[in-house]
Amino acid sequence: MKRWVTLTIGLVFLLVGGVWVLQGAGVLTGSFMTGQKLWFLIGLVAFLVGVVLVAATARRSRKAPSDES
């Protein structure tokens, strides 16, 4: 998979996961997710998946800069 695709997916997971964590924690209000522990945990998992994808993309780009096909 191209690096920019993996990076974009990782950034989306980071953003969506961060919003879900804030909603689950009750920081962002106005949603059925507000104050729900389930959405906090789902958001935390999504955020961590994003961190792994972004870190793997950054690590891969340092190892093989010519692999941008």
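None of these values were measured; they are calculated from a predicted model.

Caption draft 1: Up close: the overall build of the chain. A count of helices and strands for the chain gives two helices and zero strands. A burial count over the chain gives 17% of its 69 residues as buried. Nonlocal contacts in the chain, meaning residues at least 24 apart in sequence, comprise 54% of its contacts between residues at least 6 apart. Approximately 4,900 Å² of the chain is accessible, and the part contributed by carbon and sulfur atoms is 72%.

Caption draft 2: Local environment of the environment of V49. Note on placement: V49 falls in helix α2 (residues 37-63). The sequence separation of V49 and G17 amounts to 32 residues, and the corresponding C-alpha distance is 8.8 Å.

Caption draft 3: Molecular detail of the environment of V16. Position of V16 among the secondary structure elements: in helix α1 (residues 3-24). Residue class for V16 comes out partly exposed when judged on its relative accessible area of 33%. Taking the C-alpha atoms as reference points, V16 and G43, separated by 27 residues in sequence, lie 7.2 Å from one another.

Caption draft 4: Local environment of the side chain of Q23. Of note, Q23 is situated in helix α1. Setting aside residues up to four positions removed in sequence, Q23 forms contacts with L28, S31, M33, T34 and G35.

Caption draft 5: Here's a closer look at a nonpolar patch on the surface. A cluster of nonpolar residues, V12, L15, V16, V19, L22, V27 and L28, forms a patch on the protein surface that exposes about 550 Å² of accessible area. In this fold, V12 is placed in helix α1.

Caption draft 6: Quick peek at α1. Over its 22 residues, α1 runs 31 Å from end to end, which matches the ideal 32 Å to within 8%, given 1.5 Å per residue. The positive-phi residue at the C-terminal boundary of α1 is G26, with phi of around 90°.

Cut-offs and rules
- Residues numbered from 1 in each chain as written.
- Predicted model: local features only at pLDDT ≥ 70, side-chain atom pairs only at ≥ 80, totals over all residues.
- Heavy atoms only, no water.
- Helix = DSSP H or I, 4+ residues; strand = E, 2+ residues; numbered from the N terminus.
- Buried < 20%, exposed > 50% of the residue type's maximum accessible area, 1.4 Å probe, protein only.
- Contact = heavy atoms within 4.5 Å.
- Areas by Shrake-Rupley, 256 points an atom, 1.4 Å probe, with all protein chains shown as cover.
- Patch = residues over 30% accessible without salt bridge, like charges linked within 9 Å, V, L, I, M, F, W, Y side chains within 5 Å.
- Salt bridge = Lys/Arg side-chain N within 4 Å of Asp/Glu carboxyl O.
- Expected span 1.5 Å × (residues − 1).

Taken by themselves, the reported measurements are silent on function.
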